[in-house]
Amino acid sequence: QVQLVESGGGLVQAGGSLRLSCVASGDTFSSYVMGWFRQAPGKEREFVAAISRTGVGLRCADSVLGRFTISRDNAKNTMYLQMSSLKPEDTAVYYCAADRLKTILSMKTYNYKYWGQGTQVTVSS
């Protein structure tokens, strides 16, 4: 099974940028559909973006479309989330997720079997 470790979170002012990374180990990274989710205090975990095994297929939540970009480098076993024009409402713990069996770019948490521990992103106004 795959293990996932996120990094790159931090404190940033509104309008700023951050790049999150998710490094995978323990299995063939290119076999997994990958996704980013986030969870703000007191809220349910929500979909941010997903990417196909090859990186060709992409899907983003409407709330981040045009501001966030998901990508992956299968040679480096790493997925990225480039975040720009950050807003205070983007403040959350960001999680990467993976699934080996699914073929769709799901927005549902239950369609991803493996999860990282999360990285905190805080956007100040």
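Shown above is the structure to which this text applies.
As the structure is a computational prediction, the values presented were derived from the model and not from experiment. (Residues numbered from 1 in each chain as written. Predicted model: local features only at pLDDT ≥ 70, side-chain atom pairs only at ≥ 80, totals over all residues. Heavy atoms only, no water.)

Peer 1: What is the right way to look at the sheet that holds strand E7 (residues 68-73) in this model?
Peer 2: Across the sheet, which stays open at both edges, the four strands sit in the order E1-E3-E8-E7 with antiparallel pairing between neighbours. Every other strand in the sheet has two partners, leaving strand E1 (3-7) and E7 as the edge strands with one partner each. Ignoring strand direction, the axes of neighbouring strands in this sheet form an average angle of 15 degrees. Where strand E3 (residues 18-25) lies against strand E8 (residues 78-83), six bridges are found, and the strand directions are antiparallel. If you follow Cys22 over to E8, its bridge partner there is Met79. (Pairing = 2+ DSSP bridges. Helix = DSSP H or I, 4+ residues; strand = E, 2+ residues; numbered from the N terminus. Axes fitted to C-alpha atoms, helices over the stretch in contact; angles between N-to-C directions.)

Peer 1: Please explain the packing of aromatic side chains as it appears in this structure.
Peer 2: In this description, a pair of aromatic rings is defined by centroid distance and the angle of the planes. Taken as a whole, this structure holds five aromatic pairs when the rule is applied. When the centroid spacing of 6.0 Å and the interplanar angle of 70 degrees are considered together, the rings of Tyr32 and Tyr114 count as edge-to-face. Of the two residues, Tyr32 sits in the loop between E3 and strand E4 (33-39) while Tyr114 sits in strand E10 (residues 114-115), which places them 82 residues apart along the sequence. Like Tyr114, Tyr32 is buried. Residues Tyr112 and Trp115 carry aromatic rings whose centres are separated by 6.4 Å and whose planes lie at 70 degrees to one another, so their mutual orientation is edge-to-face. (Phe/Tyr/Trp six-rings, centres within 6.5 Å; stacked < 30°, edge-to-face > 60°. Buried < 20%, exposed > 50% of the residue type's maximum accessible area, 1.4 Å probe, protein only.)

So yeah, pure geometry; function would need other evidence.
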